[in-house]
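Each chain is listed here by its residues.
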Amino acid sequence: MASAQELVQSCSNIFTLPEIYIRVRDVVDNHESTMDDLADALKIDPAISARLLKIVNSPFYGFPKQIDTITRAVNLIGMQAVSDLVTATTVGRTFTGMTTDIMDLSAYWRKSVLSALMAGRIAKACNIEDSERFFIEGLLRDIGHLVLYQTVPQRAQSALIESANLNTPLAEVEQSSIGCDYAEVGAELIRFWGMPVQIEQAIRHQLTPNLAGEYALHASIVHLAGVIADHHESTNPQAPHTLPFNPYAIQTTQFKDNTWLPLLKEAEAQLEETLALFSPMAMAA
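Residues numbered from 1 in each chain as written. Predicted model: local features only at pLDDT ≥ 70, side-chain atom pairs only at ≥ 80, totals over all residues. Heavy atoms only, no water.

Chemist: It is not clear to me how the state of the cysteines should be interpreted in this structure. Could you clarify?
Modeler: Covalent bonding between the sulfur atoms of two cysteines defines a disulfide. Applying the stated rule across the entire model yields 0 disulfides. Cys180 carries a free sulfur, and the closest cysteine sulfur to it, the one in Cys11, is 11 Å from it. (Disulfide = S-S within 2.5 Å.)

Chemist: Would you explain helix α13 (residues 197-204) in this entry?
Modeler: It helps to recall that an α-helix has 3.6 residues per turn; residues three or four apart then point in one direction. Where burial is concerned, most of α13 is hidden: 6 out of the 8 residues are buried. Buried residues belonging to α13 abut α8 (134-139), α12 (182-193) and α14 (216-233). (Buried < 20%, exposed > 50% of the residue type's maximum accessible area, 1.4 Å probe, protein only. Helix = DSSP H or I, 4+ residues; strand = E, 2+ residues; numbered from the N terminus. Contact = heavy atoms within 4.5 Å.)

Chemist: I'm lost on the pattern of salt bridges in this one. Help?
Modeler: Pairing is possible between side chains that carry opposite charge, provided their charged atoms lie close to one another. The full count for this structure, using the stated rule, is 9 salt bridges. The shortest N-O distance in the salt bridge between Glu19 and Arg23 comes to 2.9 Å. With Glu19 and Arg23 both in helix α2 (residues 19-29) and 4 residues apart, this pair spans about one turn of that helix. Given a relative accessible area of 52%, Glu19 falls into the exposed group. Residue classification places Arg23 among the partly exposed positions, given a relative accessible area of 34%. For Asp84, the salt bridge goes to Arg133, with nearest N and O atoms at 2.6 Å. Here the residue Asp84 occupies a position in helix α6 (residues 79-94), and Arg133 occupies one in the loop between α7 (105-125) and α8, the gap between them amounting to 49 residues. Relative accessible area serves as the criterion here: at 11%, Asp84 is assigned to the buried category. (Salt bridge = Lys/Arg side-chain N within 4 Å of Asp/Glu carboxyl O.)

Chemist: How do you make sense of helix α5 (residues 70-77) when you look at a structure like this?
Modeler: Listing the buried residues of α5 in full gives Ile70, Ala73, Val74 and Ile77. On an axial view of α5, the arc spanned by its buried residues comes to 100°, and they lie on one face. At its buried positions, α5 is contacted by α3 (35-43), α4 (46-56) and α6. The first or second residue beyond α5 is Gly78, which carries a positive phi of 90°. (Arc of directions from axis to C-beta.)

Following this line, the structure appears as structure tokens:
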């Protein structure tokens with residue numbers, strides 16, 4: 001048995017975010033920083049700058065005119081939005097070289113991007129301000145499994161099979177067979193990276209949003225998005241027809257649980273083009 005912290009520490013040399021993430025985070029965390037400071041930090045990494053311009057000019061934002069400079073992009077979408085995009089793109093870059101004989105990485109990133117799209121749409125449907133902020137939380141929702149499949153691949157695979165065969169929640173099986181679950185491990189990786197506490201708490205408490213305290217809204221939205229993405233990607237014929245939404249998450253967000261299917265169809269329509277922007281395969285292209 002191993003703790004989530006031990007598993008993350010054992011592969012900390014593999015899961016290291018690039019310097020540009022640290023630079024951008026330092027600028028955003030400094031209340032005296034200006035938009036020009038952020039643009040200057042981004043220009044140090046031409047690849048990330050080019051990727052950001054591609055995202056800002058994509059249907060993801062839908063601006064009517066071409067945005068041709070980083071300075072203009074930063075001024076249009078703001079510091080926090082740029083920081084979130086840098087996080088999303090650098091996370092993808094971090095895993096471009098990861099290989100595993102067991103885990104289907106393309107399927108993993110497909111579900112992660114679907115979770116991200118669903119998180120943003122759920123937040124918007126619930127009239128939550130800055131709904132786009134939830135994209136990154138949805139994207140990182142299942143990142144603990146990358147650590148599990150890197151550190152204890154056989155046990156992680158066995159837990160997945162047992163969960164499907166017994167129709168038991170995967171986290172419950174992982175707790176009994178590994179000693180921790182993907183939510184705990186993901187939260188520890190987020191903490192190791194020094195990301196904002198709201199992201200760490202949203203990932204940690206996605207299965208128990210009632211324990212997230214002041215971050216309950218974030219954990220609830222990640223929970224709802226994850227349930228829908230898991231259901232959509234499930235190949236288990238015994239999967240329930242009624243989605244197992246946590247009642248506390250429904251109450252906290254005021255989400256109308258009969259609206260998830262139209263939101264899923266919207267997310268599916270945008271999935272391929274968003275994958276082309278954020279997945280590691282896109283980073284390597």
